[in-house]
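Chain residues, written in single-letter form:
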Amino acid sequence: MINTMELIFDEEMLNAAINALKNEFFLKGESVKKFEEDFKNYIGTKHALALNSGTTALHLSLLAFGIGKNNYVITTPATFIATANAITYTGAYPLFVDITLNDYNINPVKIEEAIKQHKDKVKAIMPVHLYGYPSKMDEINELASEHDLCVIEDSCQSHGGSYKGKKLGSIGDTGTFSFYPSKNMTVAGDGGMLTTNSDEVADHVSQLRDCGRSKTKAGIHDYIGYTARLNTVNAAIGRVQLKHLDKWVQQRKKTVKRYHEELDDIEGLVLPPKDNNDCQSAWHLFVVRVKDRMKLKEFLFKEGIRTSIHYDLPVHLHPPYLKMDYKETMFPNAEIWAKEVLTIPLHSKLTEENITFITQKIKKFFKT
Ligand SMILES: Cc1ncc(COP(=O)(O)O)c(C=O)c1O
């Protein structure tokens with residue numbers, strides 16, 4: 001069976017884990033500091049803070065900007081539910097706006113309309129680089145500076161992608177990464193990272209992740225913080241994974257190039273947007289759009305190819321968000337997206353033969 005994604009965990013990662021477990025503190029060990037150093041250098045920001053998940057990175061970003069009750073945060077309904085959940089945790093309202101169907105990312109025209117409509121309440125924009133493909137960051141940053149809003153990049157799917165030469169996660173006020181095992185890189189468990197150039201945000205988040213503990217007054221807690229640190233053993237594994245990230249992204253790009261070459265002209269099959277000078281995707285997922293996706297899914301499964309769906313529903317149609325007065329037909333593009341998307345295999349273990357096999361089977365499906 002060809003899987004949609006594959007984990008890479010090798011001897012070097014195992015040894016790094018054993019070494020950390022034997023020689024370092026389980027929490028706040030040397031590997032955590034080193035992982036943060038490596039990660040901030042890779043992303044190109046002044047700070048990187050290791051956390052226990054990508055959701056936490058989003059949540060603590062919002063708290064560091066003072067966002068909470070009576071505030072609105074603009075985001076996309078075409079994402080994993082955690083994006084909106086992080087907003088909801090703070091007491092703020094996730095104000096969804098629709099996407100553009102050519103890249104499945106938030107539409108800046110719709111952002112502007114939403115800001116005009118809810119001027120006093122909107123405090124931040126949270127774009128998602130869905131599947132690793134960059135959101136329109138110039139337009140988003142321009143709107144943010146015009147209306148004095150924070151920008152929190154949800155870069156949880158975009159390790160290694162870039163926009164106009166800048167790494168995703170270094171363009172907004174904060175970048176947020178997830179190391180969930182299926183991502184382009186992992187820490188072999190849950191984990192996350194917050195990137196920022198702001199000393200203030202970095203200081204605040206480093207306290208919030210550590211129960212709000214004061215850095216200067218022993219035994220005092222300045223905030224109601226969280227237990228949200230990354231374990232040392234996971235950081236040690238993350239450091240090794242990060243060394244391979246660029247190579248893995250390049251391997252993904254090669255597969256994507258072949259998918260585009262082989263599948264470009266098939267009627268009824270919509271491929272994801274290609275890389276260009278400005279937008280270099282991290283190619284976390286290769287997601288196609290098909291009217292009757294379940295037929296293609298079942299056909300490929302019978303041929304030995306697994307596919308997935310990212311995601312079955314746009315966020316506004318999940319039960320907790322329906323309770324916030326969101327309804328069907330509110331975001332037509334996001335609703336088409338959720339009905340038609342299908343994720344086909346993309347990982348660095350795919351062979352040339354695998355790719356040929358997959359593309360032949362997809363072509364066969366559309367001929368029959
Ligand atoms: C777009 C997006 N945002 C946020 C998250 C949350 O990350 P985590 O699972 O590490 O909390 C994910 C993880 O899948 C994601 O894909």
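Let's shift gears to empty space enclosed by the protein. Using the criterion set out here, one finds one cavity of 30 Å³ or more in the structure. One number sums up the size of the largest cavity: a volume of about 50 Å³. In terms of lining residues, the largest cavity is bounded by Asp 103, Tyr 104, Leu 130, Tyr 131, Tyr 133, Pro 272, Pro 273, Ser 281, Trp 283, Leu 285 and Val 287. Mapped onto the domain boundaries, the lining of the largest cavity takes at least three residues apiece from domain 1 (11-240) and domain 2 (245-367).

Taken as a whole, the largest pocket spans an internal volume of roughly 490 Å³. Put simply, the parts of the chain that give the lining of the largest pocket at least two residues each are α2 (30-43), β1 (47-51) and α7 (199-208). Ranked by residue count, the leading element in the lining of the largest pocket is α2, at five residues. Its boundaries defined by the atoms lining it, the second largest pocket holds a volume of some 390 Å³. Considering the residues around the second largest pocket, the lining is formed by 23 residues, among which Phe 80, Ala 82, Ser 178, Tyr 180 and Lys 183 are closest to the centre. Looking at the lining of the second largest pocket element by element, the count peaks at three residues for helix α3 (residues 54-64).

Our focus in this paragraph is unusual backbone geometry. The omega angle of the peptide bond from His 310 to Tyr 311 is 15 degrees, so this bond is cis rather than trans. Within the secondary structure, Tyr 311 is located in the loop between α9 (293-302) and α10 (319-322). Phi is positive for Asn 70, which is not a glycine, with a value near 70 degrees. Position of Asn 70 relative to the elements: it lies in the loop between α3 and β2 (72-75). Its relative accessible area of 59% is what places Asn 70 among the exposed residues. Its identity as a non-glycine residue notwithstanding, Asp 325 has a phi of 80 degrees, on the positive side. With respect to the secondary-structure elements, Asp 325 resides in the loop between α10 and α11 (332-340). The exposed category is assigned to Asp 325, whose relative accessible area is 57%.

The buried fraction of strand β9 (residues 192-196) is high, at five of five residues. Because side chains alternate across β9, one face comprises the buried residues Gly 192, Leu 194 and Thr 196, and the other comprises Met 193 and Thr 195, equally buried. Bridge count between β1 and β9: five bridges; the pairing is antiparallel. Across the sheet, Ala 48 pairs through a bridge with Thr 195, a residue of β9. Relative to β9, strand β8 (residues 174-178) runs antiparallel, the two being bridged by five bridges. Bridge assignment links Thr 174 to a residue of β9, and that residue is Thr 196.

About the criteria used
Residues numbered from 1 in each chain as written. Predicted model: local features only at pLDDT ≥ 70, side-chain atom pairs only at ≥ 80, totals over all residues. Heavy atoms only, no water. 1 Å grid on protein atoms, 1.4 Å probe; cavity = no way out; pocket = protein on both sides within 12 Å on 5 of 7 lines; lining within 4 Å. Points joined across faces, edges and corners; volume = space filled by probe spheres on them. Domains from an automatic or database assignment. Helix = DSSP H or I, 4+ residues; strand = E, 2+ residues; numbered from the N terminus. Buried < 20%, exposed > 50% of the residue type's maximum accessible area, 1.4 Å probe, protein only. Pairing = 2+ DSSP bridges.

Just distances and angles here, no functional claims.
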